[in-house]
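Spelled out, the chains give:
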Amino acid sequence: MKIIYLFTLLFFNAFNVMAKEVIMDHSHLPINVPDNIATPALSLHLVKDAMSGYNLTLQLQRYTLIPPPEGVSSMMELMKASINKKSGFVEGHAHLYVNGIKIQRIYGKHIHINQSLFKNGINTVSVTLNNHGHMYWVAHDKKVLSTLYVDKDKTPFITYKFESFPVK
């Protein structure tokens, strides 16, 4: 009887932990830009660094790039649509991906990308705009995203560019 009780306790404890992880897995969920807020725009500019790697600049419109606020009491609070009080635009940070792998969060407009992240041939450099809970912003059923296709051995080295909402 003790063994059955122990297995039951372990099962429900494991189920409870898994359920909490599912609820908190917010990293790949969309969040809609509210209808009454202007759609953010994102374009990328990439240049070879004089010493090594690349320098990436985020060109933004109608978006406030800012680190998460201090003293937030819950993840649920971070997952809400956050509107910047000064600008009136949605706010958050960005995520940098190289070849589909998340490299880092971005809180500023200028980033150095290490050469070692690039392979021979075509590489992708993508940036998404995200809320403070890491959910990616969506407007008009499209992710706010910019992607550069880079072949480091060609001139020009950017072979193609995709922007869901380009800066104009």
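Residues numbered from 1 in each chain as written. Predicted model: local features only at pLDDT ≥ 70, side-chain atom pairs only at ≥ 80, totals over all residues. Heavy atoms only, no water.

A short note on the packing of aromatic side chains
Basically, it comes down to this: Each aromatic pair joins two rings of Phe, Tyr and Trp (for Trp, the six-membered one) with centres within 6.5 Å, and gets the label stacked for planes under 30 degrees apart, edge-to-face for over 60, and tilted for any other angle. Going along the chain from the N terminus, every DSSP run of H or I of four or more residues is numbered as a helix, and every run of E of two or more is numbered as a strand. For each residue, the accessible area found with a 1.4 Å probe, counting protein chains only, is set against the maximum for its type, and the residue is called buried under 20%, exposed over 50%, and partly exposed in between. A positively charged side chain is recorded as over a ring if its NZ (Lys) or CZ (Arg) lies within 6 Å of the ring centre. The angle to the ring normal must also be within 35 degrees.
Across all of its chains, the model carries three aromatic pairs by this definition. Ring plane angle 45° and centroid distance 4.5 Å describe the contact between Tyr54 and Phe118, whose orientation is recorded as tilted. Of this pair, Tyr54 sits in strand S3 (residues 54–61) while Phe118 sits in the loop between strand S7 (110–113) and strand S8 (122–130), placing them 64 residues apart in sequence. Relative accessible area serves as the criterion here: at 1%, Tyr54 is assigned to the buried category. Residue classification places Phe118 among the buried positions, given a relative accessible area of 7%. When the centroid spacing of 5.5 Å and the interplanar angle of 55° are considered together, the rings of Tyr149 and Tyr160 count as tilted. Remark: Tyr160 occurs in strand S12 (residues 158–163) and Tyr149 occurs in strand S11 (residues 145–151); sequence separation between them is 11 residues. Put simply, the rings of Tyr54, Phe118 and Phe157 pair up and form one aromatic cluster. A cation over a ring is seen here: Lys142 above Phe165, with NZ or CZ 4.8 Å from the ring centre. Its guanidinium or amino end placed over the ring of Tyr136, Lys143 lies 4.2 Å from that ring's centre, counting from NZ or CZ.

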